[in-house]
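Observations on the model geometry
Residues per chain are reported as follows:
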Amino acid sequence: MKMPDLRHAPALPAAHWPLFDVYPQLAALLQPLALCQLPSPVEALPALGEYAWVKRDDGIHPHYGGNKMRKLEFVASELLRKGVRHVYSLGGTGTNFGVAAAILLQELGIELTLFLFRQPPSEHVEHNQQLMRQHGAHLHTFDSLGAAALSWQLHPRRLDPRCYFLAAGASSPVATFAYINAAFELREQIQAGNCPLPAQIILPVGSSATLAGLTLGCALAGLETQVIGVRVAPEKLGFIDICTPAVSRKMMLSAARLLEKHGHPGGSIKVPEPILVSDWFAPGYGCSTAATEAAIRRGMAAGLTLDATYSGKAFGEYLKRLQSGAAPLLFWATLNSQPAQG
Ligand SMILES: Cc1ncc(COP(=O)(O)O)c(C=O)c1O
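Rules of the game
- Residues numbered from 1 in each chain as written.
- Predicted model: local features only at pLDDT ≥ 70, side-chain atom pairs only at ≥ 80, totals over all residues.
- Heavy atoms only, no water.
- Core = buried A, V, L, I, M, F, W, Y, C linked by side-chain atoms within 4.5 Å.
- Buried < 20%, exposed > 50% of the residue type's maximum accessible area, 1.4 Å probe, protein only.
- Helix = DSSP H or I, 4+ residues; strand = E, 2+ residues; numbered from the N terminus.
- Domains from an automatic or database assignment.
- Contact = heavy atoms within 4.5 Å.
- UniProt positions renumbered as here; feature names shortened; annotations may be inferred.
- Near = heavy atom within 4 Å.
- Polar contact = N/O pair within 3.5 Å; in protein donor to acceptor, adjacent residues only side chain to side chain.
- Areas by Shrake-Rupley, 256 points an atom, 1.4 Å probe, with all protein chains shown as cover.

Right, let's talk about the nonpolar core for a bit. With 90 residues, the main nonpolar core has Val 87, Phe 177, Leu 186, Ile 201, Leu 214 and Trp 332 as its most contacted residues. Residue contributions to this core peak at ten residues, all from helix 7 (residues 175-191). Two domains each provide a minimum of three residues to this core, namely domain 1 (6-66 + 175-341) and domain 2 (70-170). Those residues in contact with Ile 201 that sit more than four places away from it in its chain are Leu 186, Leu 214, Cys 218, Thr 225, Gln 226, Val 227, Ile 228, Leu 330 and Trp 332.

The next point concerns the UniProt feature "domain: Tryptophan synthase beta chain-like PALP" (unreviewed entry) in the protein. According to UniProt, the "domain: Tryptophan synthase beta chain-like PALP" (unreviewed entry) feature falls on residues 38-318. In this annotation, residues 38-318 is assigned 41% helix and 17% strand; the end-to-end C-alpha distance for the span is 24 Å.

Taken together, 15 residues form the shell around the ligand, and within it Lys 68, Lys 71, Ser 207, Thr 210 and Thr 334 come nearest. Within the backbone of Gly 206, a nitrogen or oxygen atom sits 2.7 Å from an oxygen atom of the ligand. In this structure, Tyr 310 approaches the ligand through a side-chain N or O atom, which is 3.2 Å from an oxygen atom. A total of 390 Å² of accessible area belongs to the ligand in isolation, and the protein chains cover 98% of it. Secondary structure elements with two or more residues in the shell around the ligand: helix 3 (67-81), strand 7 (200-205) and helix 8 (209-220).

Set out below in structure tokens:
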């Protein structure tokens, strides 16, 4: 298999963060790294009818697209500013975030250790494991999410300032800004006539920063669009919230407080209620169903790359809404479609 080598990556276009046109003070505070080819295109999906649109985050990086690279633009900059030498994080055995982080951190010379919990085996999971190893990540596998999370939480190097304990899915507080920025990017595309104002945006939700960022971002950008998250991870681990509206709400509140401190015009920001649909999660994280497989086939026929853990489930919800609606609906393509994914 040919491995991506970022040192020989094609030249990237100039950084594109329309968020900073509105909040210039934030640029100096967050200083994201220009990793992605932005804006990601918005495209019609004529095979699925006149109202079907997609935002193609799947191709935003020359070697590994998807929503993680957008978040990592903001997260990696924080790692560099803090002089971090080793990142510890967690995810499922087939984590897409783990692959994106392994590729990028190897390039930045930062070590990566991942605490992984078992998910149902598949070719996709196997391939991601290979990619993470080939990019130098240290993998520790556990039978349950609880066991992986406990090892991560109680790690003896927690207090070492050169080590950074990154939340699953790269959903650290700064990651929310990547998708607030993406909402402003979408507004520019609507204003330029590249796509209509979508009545709804549909996307998968795991660690929640993508949903939080888009929900708050659409509100801040004045887009009258409902953002619909499709839950693909368990709601709780014991009494701890993992994937609930409360998790997204907390992320939005923390981003809103930062915006208020750094140049938000007017008074306090009214944080919208996140919308999370739970119909596609069962029978569990990484478990497919006949309905998910059918959605994946329809998406592939329309030219999309989808997986059974995340984007296939959200696409199932998207197709259902497309059938019953008469307004533009935007599917946010969050899975990598570049060749590294195979
Ligand atoms: C392909 C894909 N889509 C969506 C998500 C969910 O994004 P978030 O973790 O921000 O909720 C993930 C998370 O791993 C993912 O891999």
